[in-house]
Amino acid sequence: MKPFPDEQAEAPQDTGPLSSRVKSKVWKVRQSAFDELAQKFQESNPNDEIFEEYSSDLEKFIADSNPGAQEKALEALRAYLTKKDRVTIDGHSTTKTLVDKALGPAKPNIKTLSYETLCLMFEKMDKQGIFDGITDSINHKNQKTSCAGVQAVVELLKNYGAKRLDFLKPFFPHIEKLAASTVSSLRGEAMNFYKEAYRFMGEGMKPFTIKLKKAQLDELDKFYAESPKELAQPL
């Protein structure tokens, strides 16, 4: 999937069909076009052609390198997911793109919007594709992307609980590798994940921590002792 081309020195042109403007080389034109697309999704019947016309392009749109245009693209994807009961976008690749391109380098407002979009995807799409996309991101060589993948798991855990996430079994092996990393930010995200897992699973998550280092186990033991005995509930 190729990103949008670099900006060129040309004046914004808000004329022409929407299908052309969403692919403009000028970010302000794309931004306006994505905003218009979001409005059309909101105003249209779920069976209207516009949903199928743009469903295959939404993944590329949310990878926009310009934050202003990317934010509107995410709003368009959110509108699509909100209105459409049976979505036709690829859950695996779209989730990976969302984590890699939106959550990883995100500004706070884009991160919030990305989390909202991720939750809608989880509710509307096959969860295995969502899990696969997130684990691909966790295993990414880029540290920010790996951290964003762990953060995505924690966000879903907070919103839906451990049971709907298969008690986190798809993620433990991958995050265990991050816990052994020499990079402090990766270890920190892994430890945050284990603490959140304990809040929702209690003693049930401890078998997945046996390979952690002693200092990490000591840190978790301290967290266990200070944590409420009642399990956390999803939002």
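From a predicted model like this one, the values you see are computed outputs, not experimental measurements.

**Some points on unusual backbone geometry**
Reasoning step 1: Despite not being glycine, Asp166 has its phi angle at roughly 55°, a positive value.
Reasoning step 2: Here Asp166 is to be found in the loop between helix 9 (143–160) and helix 10 (172–179).
Reasoning step 3: Owing to a relative accessible area of 28%, Asp166 belongs among the partly exposed residues under this scheme.
Reasoning step 4: The backbone of Phe167 shows a phi angle near 55°, a positive value even though the residue is not glycine.
Reasoning step 5: Mapped onto the secondary structure, Phe167 falls in the loop between helix 9 and helix 10.

**Considering the packing of aromatic side chains**
Reasoning step 1: Taken as a whole and judged by the stated rule, the model has 13 aromatic pairs.
Reasoning step 2: Relative to Phe61, the ring of Phe34 has its centre 4.8 Å away and its plane inclined at 40°; by these criteria the two rings are tilted. Of this pair, Phe34 sits in helix 2 (residues 27–43) while Phe61 sits in helix 4 (residues 58–61), and the two are 27 residues apart along the sequence.
Reasoning step 3: Note on Phe61: relative accessible area 2%, which makes it buried.
Reasoning step 4: Ring geometry for Phe172 and Phe208: centres 4.1 Å apart, planes at 5°, overall stacked.

**Some remarks on helix 2**
Reasoning step 1: For helix 2, built from 17 residues, the straight-helix expectation of 24 Å at 1.5 Å per residue is met to within 8% by its first-to-last C-alpha distance of 24 Å.
Reasoning step 2: Along helix 2, the positions that sit buried rather than exposed are Val29, Arg30, Ala33, Phe34, Leu37, Ala38 and Phe41.
Reasoning step 3: Looking at the packing, one finds that the buried side of helix 2 touches helix 1 (18–21), helix 3 (49–55), helix 4 and helix 5 (67–83).

The rules behind the values
Residues numbered from 1 in each chain as written. Predicted model: local features only at pLDDT ≥ 70, side-chain atom pairs only at ≥ 80, totals over all residues. Heavy atoms only, no water. Helix = DSSP H or I, 4+ residues; strand = E, 2+ residues; numbered from the N terminus. Buried < 20%, exposed > 50% of the residue type's maximum accessible area, 1.4 Å probe, protein only. Phe/Tyr/Trp six-rings, centres within 6.5 Å; stacked < 30°, edge-to-face > 60°. Expected span 1.5 Å × (residues − 1). Contact = heavy atoms within 4.5 Å.

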